[in-house]
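Residue strings, one per chain:
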Amino acid sequence: MTMSGKTLTPEERNTLIAQLSGTTDDQDWWRNAVIYQIFPRSFADGNGDGNGDFKGISAHLAHLAGLGVDALWVSPFYTSPQADGGYDVADYRNVDAMYGALHDFDDMLVKAHHLGLKVIIDIVANHTSDQHPWFQEALAAAPGSAARDRYLFRDGRGGNGELPPNNWPSDFEGPAWTRVADGQWYLHLFSEHQPDLNWDNADVLREFESILRFWLDRGVDGIRVDAAQCLIKEEGLPDLTESTRDTVDDPRFDCDRVHEIYRAWRSVVNEYDNRVMIGETPWIKDFSRSARYMRADELHTLFNFNYQFMSWSAKSARQVVQASLEQYVGAGSVSTWVMASHDRPYPVSKLGLTDLATTLVGIGPHNEQPNLELGLRRARAIVMLTLGLPGSACLYQGEELGLFDNTQLEAKYRQDPRFFTSPDPKYIVGRDGFRTPLPWNSSQTTFGFSTEGKSWLPQPDSYRDLCVDVQQFEEDSTLNLYRMLIALRRRFALGDGVLEYLESDRDDVLMVRNGKVTIMINFGYMPIAVPEGDMLLCSDPTVSGDDAELPGNAAMWYTSD
Ligand code: NOJ
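Everything numeric in this text was worked out from a predicted model, so none of it was measured.

Participant: What's the story with the overall build of the chain in this structure? I'm lost.
Facilitator: Tallying secondary structure elements over the chain gives 15 helices and 22 strands in all. Relative to the globule expectation of 24 Å for 561 residues, the C-alpha radius of gyration of the chain, 23 Å, shows essentially globular dimensions. Each principal axis of the C-alpha distribution contributes one length, and for the chain these read about 75 × 50 × 50 Å. Summarising the internal contacts of the chain: among those between residues at least 6 apart in sequence, 68% fall at separations of at least 24. When the accessible area of the chain is evaluated, it comes to approximately 21,000 Å², of which 49% is carbon and sulfur surface. In the chain, 50 positive and 82 negative side-chain charges are present, and the distance between their average locations comes to 1 Å.

Participant: Even after reading the chapter, I still don't get empty space enclosed by the protein, so can you show me in this structure?
Facilitator: Sizing a probe to match a water molecule and rolling it over the atoms shows the empty space that remains. For the structure on display, the rule yields three cavities of 30 Å³ or more. Reported here for the largest cavity is a volume of approximately 80 Å³. Contributing to the lining of the largest cavity are Phe39, Arg41, Gln82, Gly85, Gln415, Asp416, Pro417, Asp432, Arg435 and Trp456. Split into classes, the residues belonging to the lining of the largest cavity amount to three nonpolar, three polar and four charged.

Participant: Would you mind showing me how to read the site of the ligand here?
Facilitator: The environment of the ligand is formed by Asp84, Tyr87, His127, Phe172, Phe190, Arg224, Asp226, Glu280, His342, Asp343, Arg431 and Arg435. His342 has a polar side-chain atom sitting 2.9 Å from an oxygen atom of the ligand. Asp343 has a polar side-chain atom sitting 2.5 Å from an oxygen atom of the ligand. Of the residues that constitute the shell around the ligand, the class distribution is three nonpolar, two polar and seven charged.

Participant: I'm lost on unusual backbone geometry in this one. Help?
Facilitator: Backbone geometry at Asp246 places phi at a positive 60 degrees, although glycine is not the residue there. Mapped onto the elements of the fold, Asp246 is located in the loop between strand E11 (222-226) and helix H8 (258-269). The class of Asp246 is partly exposed, set by a relative accessible area of 36%. Even without a glycine there, the phi angle at Asp254 is positive, about 55 degrees. Among the structural elements, Asp254 can be located in the loop between E11 and H8.

Participant: Honestly, the side chain of Asp96 in this entry has me stumped. Any pointers?
Facilitator: Position of Asp96 among the secondary structure elements: in the loop between strand E6 (91-95) and helix H4 (102-114). Buried charge Asp96 goes without a salt bridge, the closest partner of opposite sign being Arg41 at 8.3 Å. Look past the residues within four positions of Asp96 in its chain and what remains in contact with it is Phe77, Tyr78, Thr79, Ser80 and Gln82.

Participant: For this particular structure, what's the right way to read helix H15 (residues 478-491)?
Facilitator: Along an α-helix, residues three or four apart share an orientation, since each turn contains 3.6 residues. If you check H15, its first and last C-alpha atoms are 20 Å apart, about what 14 residues at 1.5 Å a residue would give, namely 20 Å. Of all 14 residues in H15, 12 are buried; the element is thus mostly enclosed. Where H15 is concerned, the buried positions are Thr478, Leu479, Asn480, Leu481, Tyr482, Arg483, Met484, Leu485, Ile486, Ala487, Leu488 and Arg489.

Participant: In this structure, what is going on with the packing of helix H12 (residues 372-386) against H15? I would like to understand it.
Facilitator: Two measures define how a pair of helices packs: the angle their axes make with one another and the distance between the axes. Across the interface, H12 lies against H15 with an axial gap of 10 Å and an inter-helix angle of 10 degrees. One way to sum up the angle between H12 and H15 is to call them roughly parallel. When H12 is examined against H15, the residues Leu376, Arg380, Val383, Met384 and Thr386 are found in contact with a partner set consisting of Thr478, Leu481, Tyr482, Leu485 and Arg489. Along the lines of polarity and charge, the residues of the contact of H12 with H15 split into six nonpolar, two polar and two charged.

Participant: Would you mind showing me how to read the domain arrangement of the chain here?
Facilitator: Interfaces are often sized by the amount of accessible area the parts lose when they come together. Here the chain is partitioned into domain 1 (128-198) and domain 2 (497-559). Each of domain 1 and domain 2 has a C-alpha centre, and these two points are 54 Å apart.

Participant: Just to check I follow, could you spell out the pattern of salt bridges for this structure?
Facilitator: Side chains that carry opposite charge are capable of pairing whenever their charged atoms lie near each other. A complete count under the given rule lists 35 salt bridges for this structure. Beyond isolated ion pairs, a larger network of salt bridges with shared partners links Asp84, Asp343, Asp416, Arg431 and Arg435.

Participant: Before we go on, may I ask you to explain the environment of Ser316 in this structure?
Facilitator: Along the chain, the position of Ser316 falls in helix H10 (residues 314-330). Ser316 sits in the buried class, given a relative accessible area of 15%. C-alpha of Ser316 to C-alpha of Leu510: the two residues are 194 residues apart in sequence and 9.9 Å apart in space.

Participant: What is the right way to read the packing of aromatic side chains from this model?
Facilitator: A ring pair, where both rings are aromatic, is described by two values, the distance of the centres and the angle of the planes. Considering all chains together, one arrives at 31 aromatic pairs under this definition. Counting every residue linked through ring pairs, the aromatic cluster contains Phe54, Phe77, Tyr78, Tyr92, Phe105, Trp199, Phe208, Phe214, Trp215, Tyr262, Trp265 and Tyr293. Positioned over the ring face of Trp456 is Arg41, at 4.0 Å from the centre of the ring. Positioned over the ring face of Phe419 is Arg414, at 5.7 Å from the centre of the ring.

Rules used throughout
Residues numbered from 1 in each chain as written. Predicted model: local features only at pLDDT ≥ 70, side-chain atom pairs only at ≥ 80, totals over all residues. Heavy atoms only, no water. Helix = DSSP H or I, 4+ residues; strand = E, 2+ residues; numbered from the N terminus. Rg over C-alpha atoms; globule rule 2.2 N^0.38 Å. Contact = heavy atoms within 4.5 Å. Areas by Shrake-Rupley, 256 points an atom, 1.4 Å probe, with all protein chains shown as cover. Lys, Arg positive; Asp, Glu negative; His and termini not counted. Charge placed at Lys NZ, Arg CZ, Asp CG, Glu CD. 1 Å grid on protein atoms, 1.4 Å probe; cavity = no way out; pocket = protein on both sides within 12 Å on 5 of 7 lines; lining within 4 Å. Points joined across faces, edges and corners; volume = space filled by probe spheres on them. Nonpolar A, V, L, I, M, F, W, Y, C, P; charged D, E, K, R; others polar. Near = heavy atom within 4 Å. Polar contact = N/O pair within 3.5 Å; in protein donor to acceptor, adjacent residues only side chain to side chain. Buried < 20%, exposed > 50% of the residue type's maximum accessible area, 1.4 Å probe, protein only. Salt bridge = Lys/Arg side-chain N within 4 Å of Asp/Glu carboxyl O. Expected span 1.5 Å × (residues − 1). Axes fitted to C-alpha atoms, helices over the stretch in contact; angles between N-to-C directions. Parallel < 35°, antiparallel > 145°, perpendicular 65-115°, else oblique. Domains from an automatic or database assignment. Phe/Tyr/Trp six-rings, centres within 6.5 Å; stacked < 30°, edge-to-face > 60°. Lys NZ or Arg CZ within 6 Å of the ring centre and 35° of its normal.

As structure tokens, then:
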């Protein structure tokens, strides 16, 4: 690894990283932050039961501080039957026993803050678990009761109400309605275990304001708003038609009144210093509609999923970057770039497929198997774009290790509802493959994930070479690439920068300049001559500062006058 052509020793590299570390502490911290997503069940197990937990997170915070990230986003850890990886919440003010207790959360928060790391939690407000006391109360109550009004119960259609109230599909396949014993139906845009709340009900509004305060009072720095566009449905719940599906007129989501909720939430959040709300709004296609969520009195920013869906070409990358910057900056916010999350395959796996199939949910044994060597080259290259762009970036746990999906996971281990409701479970296998427990230590069972060698999902044997203890001492490891990129990003203030597009005579090469740093990505296979300049870093470790060429499927950062 070289900096201005000079190879750093491991000690020099660590000193440099230490010098460059330190997080901002102003109200705009989210505008340039590197956020690290923790999927808690798979991060680290501190009590030996095979499930990740807060003790495990606390024990590994140094890894995150060493990586140089600014904030953690912890996916839902509340009391939950885990029908959808915790996105089915039964008690919003408590920690699921699997993850510890509230004091373990508090302990983690204090330790994270001590290390300069912000903590973002995930609020799931579109639906609760079917085990939530409100839903249980609603089931026991009569149609038309106050308890039922907190959810979206309706009578069915057909002679005896035997047909669902409308034709909406669930995002997890099948109808979005389930019938209860007395014949009424309830709406669930996701699984049947996730009944949608009625956001026109005053109890719901009051309850979530109180839940926000509960966590803000505990000191969390931010809220990720799950399925933010879904909370309000169109009045009367009209059928979907071919002309409304996935358009601005889709009755299932993005209805104007949803913004009243975020204005109310923002006024709560504004009572606290430096707190932020980031929305997850994946189904909205029209950016002018997305922009409305980022108005000054609503959410601070949105996760930018379009970035994740680019195809492997310079043209596609430029299009999505250019459009996103214009849009998000135009909306007065910043783009929060997302290349990976708990909902999509790891970049190494996705980018190693011939057919990128970027919308594919899960790669199983019967799908095309990724070329992991190619995938890793590309994943290392694309993160050099992600971390070089202005705005905020969100990394998913394990991507810093170059992890890949466990594509051979047997059906008996699968837990994702998408697998159980899959129209074709042989080919559409769900999300478990990229929720594999992290490998920390190559000489321990479960690669150090669990203190007792147990793991809720098996890990591929080949994770051994990707363990943190292996990579931290390998100069050219993916882990050290991420560490250097994050450190240099901070040093050159790239998160606050402005992007310029440079012309290349090759249409498979993207060149952009952010302040002093030029980023060159070769999406093709033919090497390309590198312009004059001092190389900071190359995704391909065989390239040195004296080399005149950038190989295919690789990227470089360099400075020039
Ligand atoms: C979005 C979350 O990211 C996903 O994991 C979950 O299944 C749905 N929302 C439903 O909560």
